[in-house]
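Observations on the three-dimensional arrangement
So the chains spell out like this:
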Amino acid sequence: MTELPKKTNKKLGLVIDLDICVGCHACAVSCKEWNTSGHSSPLHDVEPYGDDPTGVWFNRIHTFEVETEVRGSKTVHFPKSCLHCDDAPCVTVCPTGASYKRDEDGIVLVNAETCIGCKLCSWACPYGAREYDETAGVMKKCTLCVDKIYNENLPENERLPACVSSCPTGARSFGDLGDENSEVSKLVNEREGYNLMPEQDCKPLNKYLPPKSNKDLFNNEELKPVSKNNNFEDWINEVENASK
Amino acid sequence: MHPSKSIIFFTVISGTGYGIFIGLLFNILFIEISYSLNYKLFISLVSFLMIVLGLLSSTLHLGHPERAWRAFSQWKSSWLSREGLVSVITFFPMVLFYYFWINNINGYVFLLIILCIFSLLTIFCTGQMYATLKTIPSWNNSLVTPIYIFNGITVGSLFVYSINFYFNYNIFLYEKFIIITIILNLLLKISYWILIRQKSNTNIQTAVGIKSKNISFFEGPHTGKNYLTTEMINKSNNKKNNFLRLTFCILTFIIPLYMINQYSTLIADQFILKLSMIFVFILALVGMIIERYLFFIQSKHVVGFYYGN
C-alpha cells in the first residue's frame with residue numbers, strides 16, 4: 001500500500017560526515033557493484049562506452065564550494081542517495097502501490113513487479129533519489145542494501161550498506177536513527193547533524209554532519225604579501241634573482 | 001521539467017473533451033432547441049474520441065503500459081490513481097448521456113449534469129496531481145488546478161460554439177458565457193505568471209544545509225547527463241518563453257474573442273464561412289498545447305540545486 005506506516009519499529013539510515021568525505025566516489029562505485037546483482041539488479045548502463053553514456057546509479061557525489069567563516073572557501077564533497085524519509089512523498093503519490101515504506105525498519109523500496117514506470121515518484125522526490133531504468137521500464141532506488149544488511153551468509157561485521165563498508169575515510173555511518181542511544185543518534189547529537197531541505201517536510205532519516213569550523217585554525221594574524229610586485233612577470237624575476 | 005509529448009497531448013486533448021460537456025450543458029440550459037441529429041452525432045463522436053485518445057496516449061509514457069490497470073488501486077493517497085479511477089467512472093454517465101440525447105429520451109439534461117460533475121472531477125484530479133508536488137514550486141500553488149479546469153472549459157466550449165456556428169444556432173447567452181470564460185481564463189493565467197515569479201523557500205542553502213553566507217555549485221557527480229538531468233532539469237529561455245506566452249494568448253484568447261465578436265450577428269451561409277469557426281477552435285487548441293508546453297518548460301524542480309541549476 002502506498003499509505004505510509006504510522007510508525008516504523010526502526011528508522012534505519014545513514015549519517016554522512018561532510019567534514020571527512022574526500023569525494024573519492026568509492027561509495028558510489030561499490031554501491032553500483034553490489035546493487036547491480038542485488039535486489040534491483042541489474043543497474044543498466046546505456047551506451048557505457050559511447051559518446052554519451054548514462055546509467056542507473058543510486059549514490060552520487062556532488063561538490064560545492066562553501067565560503068568559510070575565516071578566510072576564503074573550502075571544497076565540500078557531498079554524497080547523496082535515498083534519505084529514506086519518514087514522510088516520503090514518493091510513496092504516497094504512487095498510483096499502484098509499488099512504492100512502499102517498510103513497517104519494520106523504515107526502508108523505502110520499489111516493487112519492480114508492479115511498478116508501471118509513470119515516473120511520478122521521481123517528480124515528488126526533492127532529493128533526486130529515484131532512478132528510472134529505461135531498459136527495464138521501472139523505477140529503481142537505493143535499497144539501503146536490504147539484501148546485504150540482513151544477509152546471514154555474510155559475517156556479521158560485513159552486514160552494512162555497501163557504501164558504508166567501502167568508505168575509506170569512515171565518513172559514512174549506518175544505524176537506527178529512531179533509537180536515541182544508537183551510535184548514529186549520538187553522532188548526530190554531538191555534531192549537530194541536520195536534514196536536507198527541511199522546508200520540504202519529508203522528514204528524511206539520513207542526516208548530514210556539517211564541516212567543522214575553521215575559526216581556530218588561524219590566530220587572526222594578517223596575511224602578508226609575498227612580494228611587493230603585483231605583476232606576475234616581475235615577481236618571477238624577483239624569485240629568480242633571489243635564487244642566483 | 002522535461003515536457004513529455006504524450007503528457008502534453010493527453011492533458012490538452014482529454015481536458016478539451018471533458019470541457020465540451022460543460023459547454024454543451026450551458027448551451028442546452030440557455031436555449032432548448034431541437035438540435036439536429038448530425039449536430040448531436042458530431043459532438044458526441046468528437047468528445048468521445050478526444051477523451052479516449054487522450055487517455056490512451058497517457059499510457060504511452062509509461063514504462064509498462066500493460067500494468068496500467070494497477071493504477072486504480074491507490075486512490076486513498078494518490079491523485080494520479082484518483083484521476084485514473086474517476087476518468088473510467090465518467091464513461092458510464094457519458095455513454096448513457098450519448099444514448100439518451102441522440103435518441104431524444106427525457107432525462108438527458110440530468111445525465112449531462114452528472115457527466116459534467118465527473119468531468120470536472122477528472123480535470124480536478126489532474127490539476128491536484130501537479131499542484132500537490134512541493135518539489136516544483138511553480139506548480140505547488142492554488143492557481144494550477146483552477147487553470148487546468150478553466151483551460152478545459154474554454155477550449156471545450158469554444159468547440160461547441162464553432163459547431164453551433166456551423167449549424168447556424170445563434171445562441172446569444174452562450175456567446176456571453178464563452179466570452180466570460182475566456183476573459184476569466186486570461187486573468188487566471190496572468191495572475192499565475194505573476195505568482196510564479198516569487199522565489200521558493202528551497203534554495204542551495206537549504207539543499208546543502210551548511211551554514212555559510214555563500215555556497216556555490218562546483219562540480220556535478222559526472223560530466224555526462226543522467227535520468228534526473230534529462231527529466232527534470234532544462235535550460236529555459238526567458239525570451240522564448242515570453243514569445244510563446246504571447247503566441248498562446250493570441251491563439252487561445254485574442255483570435256476567438258475577435259472572431260466571436262465579428263460573427264455574433266452573422267449567419268453563415270457559405271461552406272467556407274461555416275468552417276472558419278472550427279479553424280479558430282483548432283488554433284485555440286494549438287495555443288493550449290503551447291500553454292501546456294510552457295507549464296513544463298518554465299518550471300524548475302528543486303533537485304536542480306544539486307546540479308548547479
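Residues numbered from 1 in each chain as written. Chains lettered and ligands numbered in written order. Predicted model: local features only at pLDDT ≥ 70, side-chain atom pairs only at ≥ 80, totals over all residues. Heavy atoms only, no water.

A few points about the interface of chain B and chain A
The interface is formed by 57 residues belonging to chain B together with 56 residues belonging to chain A. The contact between chain B and chain A buries some 4,600 Å² in all, and 58% of this surface belongs to carbon and sulfur atoms. Among the residues of chain B in contact with chain A, Q74(B), Y227(B) and Y306(B) are the three that bury the most area, contributing 14% of the side total. If you look at where chain B meets chain A, you find 3 salt bridges. Residue D52(A) pairs with K225(B) through a salt bridge whose shortest N-O separation is 3.2 Å. At the junction of chain B and chain A, the tally comes to 31 residue pairs in polar contact (both at pLDDT 80 or more). Of all the elements in the fold, those that place two or more residues in the side of chain B that touches chain A are α3 (79-89), α5 (108-131), α8 (204-208), β1 (215-219) and α9 (227-232) of chain B. The element best represented in the side of chain B that touches chain A is β1(B), accounting for 5 residues. In terms of residue class, the side of chain B that touches chain A is built from 29 nonpolar, 20 polar and 8 charged. (Contact = heavy atoms within 4.5 Å. Buried area = accessible area lost by both parts, 1.4 Å probe. Salt bridge = Lys/Arg side-chain N within 4 Å of Asp/Glu carboxyl O. Polar contact = N/O pair within 3.5 Å; in protein donor to acceptor, adjacent residues only side chain to side chain. Helix = DSSP H or I, 4+ residues; strand = E, 2+ residues; numbered from the N terminus. Nonpolar A, V, L, I, M, F, W, Y, C, P; charged D, E, K, R; others polar.)

Remarks on the packing of α3(B) against helix α4 (residues 91-102) of chain B
Residue and element names in this part refer to chain B. Running from N to C, α3 and α4 cross one another at 20°; their axes reach a closest spacing of 4 Å. When the interaxial angle is binned, α3 and α4 end up roughly parallel. Between α3, through S87, V88 and I89, and α4, the contact on the second element is made entirely by F91, F92 and P93. Among the residues making up the contact of α3 with α4, the classes are represented as 5 nonpolar, 1 polar and no charged. (Axes fitted to C-alpha atoms, helices over the stretch in contact; angles between N-to-C directions. Parallel < 35°, antiparallel > 145°, perpendicular 65-115°, else oblique.)

Section: the sheet that holds strand β5 (residues 73-80) of chain A
The strand order β5(A)-β4(A)-β1(B) describes an open sheet built from 3 strands, whose pairing is antiparallel. The sheet terminates laterally at β5 of chain A together with β1 of chain B, the two strands that pair on one side only. Taking the axes of each pair of neighbouring strands and ignoring which way they run, one obtains an average angle of 35° across the sheet. (Pairing = 2+ DSSP bridges.)

So, the packing of aromatic side chains
Overall, the coordinates contain 42 aromatic pairs over all chains when judged by the stated rule. Between F48(B) and F91(B), the aromatic rings sit 6.1 Å apart at their centres with planes inclined by 80°, giving edge-to-face as the arrangement. Here F48(B), found in helix α2 (residues 37-58), pairs with F91(B), found in helix α4; they are 43 residues apart in sequence, far enough to count as distant. Given the relative accessible area of 31%, F48(B) is considered partly exposed. According to the relative accessible area criterion, F91(B) is partly exposed, its value standing at 21%. Aromatic side chains Y166(B) and F167(B) sit 5.4 Å apart centroid to centroid with 65° between the ring planes, which places their arrangement in the edge-to-face category. Judged by relative accessible area, which is 24%, Y166(B) ranks as partly exposed. Among the aromatic residues, ring-to-ring pairing joins F21(B), Y35(B), Y39(B), F48(B), F91(B), F97(B), Y98(B), W101(B), Y166(B), F167(B), Y169(B) and F271(B) into one connected group. In this arrangement the basic side chain of K148(A) is found over the ring face of W34(A), its NZ or CZ atom lying 5.6 Å from the centre. The ring centre of Y148(B) lies 4.2 Å from the NZ or CZ of R292(B), which sits over that ring. (Phe/Tyr/Trp six-rings, centres within 6.5 Å; stacked < 30°, edge-to-face > 60°. Buried < 20%, exposed > 50% of the residue type's maximum accessible area, 1.4 Å probe, protein only. Lys NZ or Arg CZ within 6 Å of the ring centre and 35° of its normal.)

Digging into a nonpolar patch on the surface
Residue and element names in this part refer to chain B. Residues F9, L45, F48, L49, L53 and V95 make up a contiguous nonpolar surface patch of about 520 Å² in total accessible area. Counting residues per element, the nonpolar patch draws most heavily on α2, which supplies 4 residues. Tracing the backbone shows L49 in helix α2. (Patch = residues over 30% accessible without salt bridge, like charges linked within 9 Å, V, L, I, M, F, W, Y side chains within 5 Å. Areas by Shrake-Rupley, 256 points an atom, 1.4 Å probe, with all protein chains shown as cover.)

Details of the pattern of salt bridges
Residue and element names in this part refer to chain A. Counting across every chain of the model gives 15 salt bridges over all chains. Here K203 and D87 are joined by a salt bridge, their closest N and O atoms 2.9 Å apart. Remark: D87 occurs in the loop between β5 and α2 (89-92) and K203 occurs in the loop between α6 (183-191) and β11 (207-209); sequence separation between them is 116 residues. Take K203: its relative accessible area is 49%, and that puts it in the partly exposed class.

What about the sheet that holds strand β1 (residues 12-17) of chain A?
All names here are of chain A. In space, the 3 strands of this open sheet follow the order β10-β1-β11, with mixed pairing throughout. Lying at the two open borders of the sheet, with one neighbouring strand each, are β10 (172-176) and β11. Here the strands of the sheet are splayed against their neighbours by 25° on average, with no regard to which way each runs. Where β1 meets β10, 5 bridges bridge the pair, whose relative direction is antiparallel. Across the sheet, residue L12 finds its bridge partner in β10, namely D176. In this fold α6 packs onto β1, β10 and β11, with an angle of close to 120° to the strand it touches most, β10.

Quick notes on the layout of surface pockets
As a volume, the largest pocket reaches approximately 1,100 Å³. As for the largest pocket, its lining consists of 35 residues, and the residues nearest its centre are S138(B), I196(B), R197(B), Q198(B) and K199(B). Every element with two or more residues in the lining of the largest pocket is listed here: α7 (172-195) and α10 (238-263) of chain B. At 4 residues, the largest contribution of residues to the lining of the largest pocket is made by α10(B). Of the residues belonging to the lining of the largest pocket, the class tally is 10 nonpolar, 19 polar and 6 charged. Of the volumes computed, that of the second largest pocket is approximately 530 Å³. Together, 28 residues line the second largest pocket, and L55(B), S58(B), T59(B), L80(B) and E83(B) are the ones closest to its centre. At the level of elements, α3 (120-124) of chain A together with α1 (5-30), α2, α3 and α5 of chain B are the ones that each hand at least two residues to the lining of the second largest pocket. Residues belonging to the lining of the second largest pocket are distributed by class as follows: 19 nonpolar, 7 polar and 2 charged. (1 Å grid on protein atoms, 1.4 Å probe; cavity = no way out; pocket = protein on both sides within 12 Å on 5 of 7 lines; lining within 4 Å. Points joined across faces, edges and corners; volume = space filled by probe spheres on them.)

With respect to the environment of V93(A)
Topologically, V93(A) is positioned in the loop between α2 and β6 (99-101). In this structure V93(A) comes out as buried when scored by relative accessible area, which is 16%. Other than its neighbours up to four places away in sequence, V93(A) contacts L120(A), C121(A), A124(A) and S78(B).

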